[in-house]
Amino acid sequence: VVVVVVVQDKRSTTMTTCAAVVVAVVLVVVHADHADRFRDVPQPRHQQQQFATTFGSAGKAITLNPGENVLWSHNCTQAVCVLRHMWFGGSWSRFDISRLRVYVDNETTPSIDGQLFLLHGIGFADDAAPWSAGDLFGKTGQPSGIFNTYQIPFSSSIRVTFQAYTDQNKPSTSSQRFWWIMRGTCAEAGVMLGSRTLPAAARLRLYTSERVTRTPTEQHTMFATPPALAGAVLLTVLSVTSASETFLEGEMRANTTRLPATDCSFGICSSITMSSGTEDYFLGTYYFNRGPYHQPVAGVTHLADNDSPNGGKEWTFSAYRTHLEDQVLFSTGFNMTWRCGEPGAGNPTECVVFSYSLVYEWPAT
């Protein structure tokens, strides 16, 4: 309660001055008294915990030798530790298909092992820039300036490696110049997926399929998790080559052991029909009639209708879809599939497919 005492005086300046002094004094006293009331109140537990701290490093014009090169490693002193930022620069033939690998918690086989561009939603070495999928990932330069803020959790150690390639199945045999940045935090409760905190045991895994041929209307598995794991999808990437654009009629579907496969379309029943077509899942419409785009939730990073070396046409397409807010969660085993066209929806032809899926996983309860 603030009490204002006004001194009656015929001179208005005197009254104003006295009132101001009294108000100021009373306000200060009340504020101090209010603070005293809370001095002995225990702080909430989360305030007593140690604040998260930042770690990281960078490499400037380093030499990548032939083979797998360790860029950086870090030991976690207070779990959970989270790698939060990566950036890469370089320029050589097929920089796009050079491989990034991430080993966590003393893995001998990396939980993330993929081509640099596809790991960031880009197929066919598409050189468009600058763009970003919000703050999750993007490309700022030519041919590099690739960055991401994927949250990669670990409890004991992390090791990031890179290997230059000059052909799809041929690692580079010469040295290359390379730039990189890594940064993260420790003493975290866990990673965040949108506004949701995932369990401390969550780990990020990359599921890949590279240059897989699917017959018309055949289903392609984007990823399939073990039944003993729960999880959440962070990102999916699809890259397709086909002689007919009607592969874009292919639907995304999902199956989980907790839901019956009663959602049926085009002769296939699944737990969830994720989209009514390929372009719908990536938030496009009418075969992406406005061309490529790069948005926070989804993007089309490449779309072209080329003359095929064998005559006729050849469609090439790549796109990404994030699930930060449109969350795909599962409590036991889960899989997602895409179909190379749908029967009766145009005349789909053979599809050559690359697909990447980044999925958080943790033990099911």
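A brief look at the structure comes next. (Residues numbered from 1 in each chain as written. Predicted model: local features only at pLDDT ≥ 70, side-chain atom pairs only at ≥ 80, totals over all residues. Heavy atoms only, no water.)

Some points on the state of the cysteines
Point 1. Under the criterion given, the structure shown has three disulfides.
Point 2. Across the disulfide, Cys76 is cross-linked to Cys81 (sulfur-sulfur distance 2.0 Å). Taking the sign of the S-S torsion, 85° for the link of Cys76 and Cys81, the bridge is right-handed. The pair formed by Cys76 and Cys81 is uniform in burial state, with each residue classed as buried.
Point 3. Each sulfur of the disulfide joining Cys264 and Cys269 lies 1.9 Å from the other. The disulfide joining Cys264 to Cys269 has a torsion of about 105° about its S-S bond and is therefore right-handed.
Point 4. Taking relative accessible area as the criterion, Cys264 reaches 44% and is therefore assigned partly exposed.
Point 5. For Cys269, a relative accessible area of 38% gives the class partly exposed.
Point 6. Disulfide partners in the chain, listed by the sequence order of the bonded cysteines, are 1-2, 3-4, 5-6. (Disulfide = S-S within 2.5 Å. Buried < 20%, exposed > 50% of the residue type's maximum accessible area, 1.4 Å probe, protein only.)

What to know about the sheet that holds strand S22 (residues 272–273)
Point 1. The strand order across the open sheet formed by four strands is S17-S27-S19-S22, and the pairing between neighbours is antiparallel. At either end of the open sheet lies a strand with only one pairing partner, and these are strand S17 (219–224) and S22.
Point 2. Across five bridges, the pairing between strand S19 (residues 252–256) and strand S27 (residues 334–339) is antiparallel. In the strand pairing of S27, Thr256 is matched with Phe334. (Pairing = 2+ DSSP bridges. Helix = DSSP H or I, 4+ residues; strand = E, 2+ residues; numbered from the N terminus.)

Topic: the side chain of Ser275
Point 1. Positionally, Ser275 belongs in the loop between S22 and helix H3 (278–281).
Point 2. A distance of 3.3 Å separates the side chain of Ser275 from the backbone nitrogen of Met252, its partner in a polar contact.
Point 3. There is a polar contact of 2.8 Å between the side chain of Ser275 and the backbone oxygen of Gly277.
Point 4. Not counting the four nearest positions on each side in its chain, Ser275 is found in contact with Glu251, Met252, Asp280 and Tyr281. (Polar contact = N/O pair within 3.5 Å; in protein donor to acceptor, adjacent residues only side chain to side chain. Contact = heavy atoms within 4.5 Å.)

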